[in-house]
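Chains, contacts and geometry: an overview
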Amino acid sequence: NAGVTQTPKFRVLKTGQSMTLLCAQDMNHEYMYWYRQDPGMGLRLIHYSVGEGTTAKGEVPDGYNVSRLKKQNFLLGLESAAPSQTSVYFCASSSGTAFSGNTIYFGEGSWLTVV
Amino acid sequence: AQSVTQLGSHVSVSEGALVLLRCNYSSSVPPYLFWYVQYPNQGLQLLLKYTTGATLVKGINGFEAEFKKSETSFHLTKPSAHMSDAAEYFCAVSEEGSSTLGRLYFGRGTQLTVWP
């Protein structure tokens, strides 16, 4: 019953460091997403993927890169972390778009602090 | 363009009282509407969704929401609050379109506190 799994769950970075967040889903979903959640802002889409080997920008893509080399994995990278990237990051996946009536499944979140 | 407004970032009710969480949206085409719940230190879980058909939608844990096109609203209600309902609730909208790929746009969330 794994669903969507994110690693790591917590991380503290120094400004300028790089890191990668890993998202894995075991539901054979085509669509995967990375969101960030900030207090009073709701969830904002960073990047998404509609299939293996494809990625696209969301609402707030600057400072992040992503890769979808395998269908089950979606990686979010921070090349040079900034304090503004302190946030809770959520990965999600779905078999199709929300407008098609598909349920989007979320991971439990990754708490990232940049000092 | 889509936007979702949740009126009230914090709502407090007594256990057993009516829960009403407000959501208004703007959309140029008929939208699909969703409510998600987030318990502390957890991811988001789908409560209910409106796609087409009956405008009163029932979800999990006794929650329901009514789509009112004339008011562009999708308010979430529960007749009797329980302590376990304390969580953050997010309204979201999705609409068809090549530029959006039918993805979700979230409101800013409403934190529900339930007092004993």
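Attention here is on the structure that accompanies the text. (Residues numbered from 1 in each chain as written. Chains lettered and ligands numbered in written order. Predicted model: local features only at pLDDT ≥ 70, side-chain atom pairs only at ≥ 80, totals over all residues. Heavy atoms only, no water.)

Moving on, we get to the interface of chain A and chain B. Taken together, the contact between chain A and chain B spans 24 residues of the former and 26 residues of the latter. Of the roughly 2,000 Å² buried where chain A meets chain B, counting both sides, 62% is carbon and sulfur surface. On the chain A side of the contact with chain B, Leu43(A), Phe99(A) and Phe106(A) bury the most area, a combined 30% of that side's loss. Where chain A packs against chain B, one counts 0 salt bridges. For the pair chain A and chain B, the interface holds 1 residue pair in polar contact (both at pLDDT 80 or more). Contributions of two or more residues to the side of chain A that touches chain B are made by β4 (31-38) and β5 (42-49) of chain A. Among the elements that line the side of chain A that touches chain B, the one with the most residues is β5(A), at 4 residues. (Contact = heavy atoms within 4.5 Å. Buried area = accessible area lost by both parts, 1.4 Å probe. Salt bridge = Lys/Arg side-chain N within 4 Å of Asp/Glu carboxyl O. Polar contact = N/O pair within 3.5 Å; in protein donor to acceptor, adjacent residues only side chain to side chain. Helix = DSSP H or I, 4+ residues; strand = E, 2+ residues; numbered from the N terminus.)

Before going further, it helps to spend a moment on the state of the cysteines. Following the criterion strictly, the structure yields 2 disulfides over all chains and no others. Residue Cys23(A) pairs covalently with Cys91(A) via a disulfide, S to S 1.9 Å. Linking Cys23(A) and Cys91(A), the disulfide has an S-S dihedral of approximately -80° and is accordingly described as left-handed. With Cys23(A) in strand β3 (residues 19-25) and Cys91(A) in strand β9 (residues 87-94), this pair connects stretches of sequence that are 68 residues apart. As far as the burial class goes, Cys23(A) and Cys91(A) line up, both buried. The disulfide that involves Cys23(B) links it to Cys91(B), with 2.0 Å between the sulfurs. Residues Cys23(B) and Cys91(B) are joined by a disulfide whose S-S torsion is about -65°; by sign, that bridge is left-handed. Separated by 68 residues along the polypeptide, Cys23(B) in strand β3 (residues 19-26) and Cys91(B) in strand β9 (residues 87-94) bring together distant segments of the chain. (Disulfide = S-S within 2.5 Å. Buried < 20%, exposed > 50% of the residue type's maximum accessible area, 1.4 Å probe, protein only.)

In this structure, Trp35(B), Leu48(B), Leu76(B) and Tyr89(B) are the most contacted members of the largest nonpolar core, which totals 28 residues. Among the elements of the structure, β2 (10-14), β3, β4 (32-38), β5 (44-50), β7 (64-68), β8 (73-78), β9 and β11 (110-115) of chain B are those that each provide at least two residues to this core. In this structure Tyr89(B) touches Gln6(B), Leu21(B), Trp35(B), Tyr36(B), Val37(B), Leu47(B), Phe63(B), Leu76(B), Gly109(B), Thr110(B) and Leu112(B), once residues within four positions along its chain are discounted. Counting residues in each nonpolar core, the second largest holds 22 residues, with Tyr31(A), Leu45(A), Ala98(A) and Tyr32(B) among its members. (Core = buried A, V, L, I, M, F, W, Y, C linked by side-chain atoms within 4.5 Å.)

Take the sheet that holds β3(A) next. All names here are of chain A. Strand order in the open sheet formed by 4 strands is β1-β3-β8-β7, and the pairing between neighbours is antiparallel. In this open sheet, the two strands that pair with only one neighbour each are β1 (4-7) and β7 (65-67). Neighbouring strand axes in the sheet, compared pairwise and without regard to direction, differ in orientation by 20° on average. Pairing geometry for β7 and strand β8 (residues 73-78), over 3 bridges, is antiparallel. Along β8, the bridge assignment pairs Ser67 with Leu75. (Pairing = 2+ DSSP bridges. Axes fitted to C-alpha atoms, helices over the stretch in contact; angles between N-to-C directions.)

Moving on to the environment of Phe10(A). Examined against the element boundaries, Phe10(A) turns out to sit in strand β2 (residues 10-13). Separated by 35 residues in the primary sequence, Phe10(A) and Leu45(A) place their C-alpha atoms 20 Å from one another.

Residues and elements named next belong to chain B. For β9, the tally of buried residues reaches 7 of 8 residues, placing the bulk of the element in the interior. Bridge count between β4 and β9: 7 bridges; the pairing is antiparallel. Each bridged residue has a counterpart across the sheet, and for Gln38 the counterpart in β9 is Glu88. Looking at chain direction, β9 and β11 are connected through 3 bridges and run antiparallel. Residue Ala87 lies in a different strand from β11, and its bridge partner there is Leu112. In this structure, β9 lies alongside strand β10 (residues 105-106), joined through 2 bridges in antiparallel fashion. Counterpart to Val93 in the pairing with β10 is Tyr105.

Our focus in this paragraph is the environment of Pro30(B). Residues and elements named next belong to chain B. Tracing the backbone through its elements, the reader meets Pro30 in the loop between β3 and β4. In this structure Pro30 comes out as exposed when scored by relative accessible area, which is 60%. For the pair Pro30 and Met83, spaced 53 residues apart in sequence, the C-alpha to C-alpha distance is 35 Å.

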